[in-house]
Amino acid sequence: MRCVIARFAFNLVKSEVLEAMRGVKPEAVTGESVIIGRRTYPVKQVGEVLTRQDRRDFSAGEVTRAMSRLGFTCRPVPGLSPAPLLTGLQTAAALLGAPSPA
């Protein structure tokens, strides 16, 4: 699969990702993560191994998107719950600075 990470095109294949991450010890997960095999890796670590680029050169979203498209399970930041969904009335009230109706 062709994907762009940090403005560079890469052709990634699931089996090649598995091979590249074989023997790599996972770092502690503090942000977004991806499950490869039976291990959970931070997405930035996976991106660094696959692209051989500095972690500051790409975003976690770029790697997460690529890993998801390859069929790997990606997880959001631990302990971060999604924002509650608001109705149109609640959104308008919040934008106007009024207390939201219940």
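Residues numbered from 1 in each chain as written. Predicted model: local features only at pLDDT ≥ 70, side-chain atom pairs only at ≥ 80, totals over all residues. Heavy atoms only, no water.

1. Re the nonpolar core
Across soluble globular proteins, you tend to see nonpolar side chains buried next to one another. Which entries qualify depends on this criterion: The definition of a nonpolar core used throughout is a set of buried Ala, Val, Leu, Ile, Met, Phe, Trp, Tyr and Cys residues joined through side-chain atoms within 4.5 Å. Exposure classes here rest on a 1.4 Å probe applied to the protein chains alone. A residue is buried below 20% of its type maximum, exposed above 50%, and partly exposed in between. Helix and strand assignments come from DSSP, with helices taken as H or I runs of at least 4 residues and strands as E runs of at least 2, each series counted from the N terminus. Here, two residues are considered to be in contact whenever any of their heavy atoms come within 4.5 Å of each other.
Membership of the largest hydrophobic core comes to 21 residues, with the highest contact counts inside it found for Ile5, Val17, Val34, Ile36, Val46 and Met67. Of all the secondary structure elements, the ones that give two or more residues to this core are strand E1 (2-5), helix H1 (14-21), strand E3 (33-36), helix H2 (43-51) and helix H3 (60-70). Per-element tally for this core: the top contributor is H3, with 5 residues. Contact partners of Val17, with chain neighbours within four places excluded, come to Ile36, Leu50, Met67, Leu70 and Phe72.

2. Focus: the pairing of E1
The side chains of a regular strand alternate between the sheet's two faces. Put simply, the rule is: By definition, two strands form a pair when at least two bridges between them are found by DSSP.
Only one face of E1 is covered, namely the one carrying Cys3 and Ile5; the face carrying Arg2 and Val4 has none of its residues buried. Alignment of E1 against strand E2 (residues 8-11), held across 4 bridges, turns out to be antiparallel. Paired with Val4 across the bridge in E2 is Ala9. Counting the residues between successive antiparallel strands, the hairpin from E1 to E2 contains 2 residues, one of them, Ala6, with a positive phi of roughly 55 degrees.

3. Comments concerning the packing of H2 against H3
When two helices pack together, their arrangement is given by the angle between the helix axes and the distance between those axes. This is how it is decided: A fitted line through C-alpha atoms represents every axis, and for helices the fit uses only the stretch in contact; the resulting angles, taken between N-to-C directions, go from 0 to 180 degrees. Geometric relationships in this document are graded by angle, where less than 35 degrees denotes roughly parallel, more than 145 denotes roughly antiparallel, 65 to 115 denotes roughly perpendicular, and other angles denote oblique. Three categories are distinguished: nonpolar for Ala, Val, Leu, Ile, Met, Phe, Trp, Tyr, Cys and Pro, charged for Asp, Glu, Lys and Arg, and polar for the others, with Gly belonging to the last.
Taken N-terminus to C-terminus, the directions of H2 and H3 make an angle of 80 degrees; their axes are 9 Å apart at the nearest point. Viewed along their axes, H2 and H3 adopt a mutual orientation that is roughly perpendicular. Along its contact with H2, which presents Val43, Lys44, Val46, Gly47 and Leu50, the element H3 presents Ala60, Val63, Thr64 and Met67. Looking at the contact of H2 with H3 residue by residue, the classes come out as 6 nonpolar, 2 polar and 1 charged.

4. A look at the packing of H1 against H2
Their axes nearest at 10 Å, the elements H1 and H2 cross at an angle of 100 degrees. Our classification of the angle between H1 and H2 gives roughly perpendicular. The residues of H2 that touch H1, namely those facing Val17, Ala20 and Met21, are Val46, Val49 and Leu50. Here the residues of the contact of H1 with H2 are counted per class, giving 6 nonpolar, no polar and no charged.

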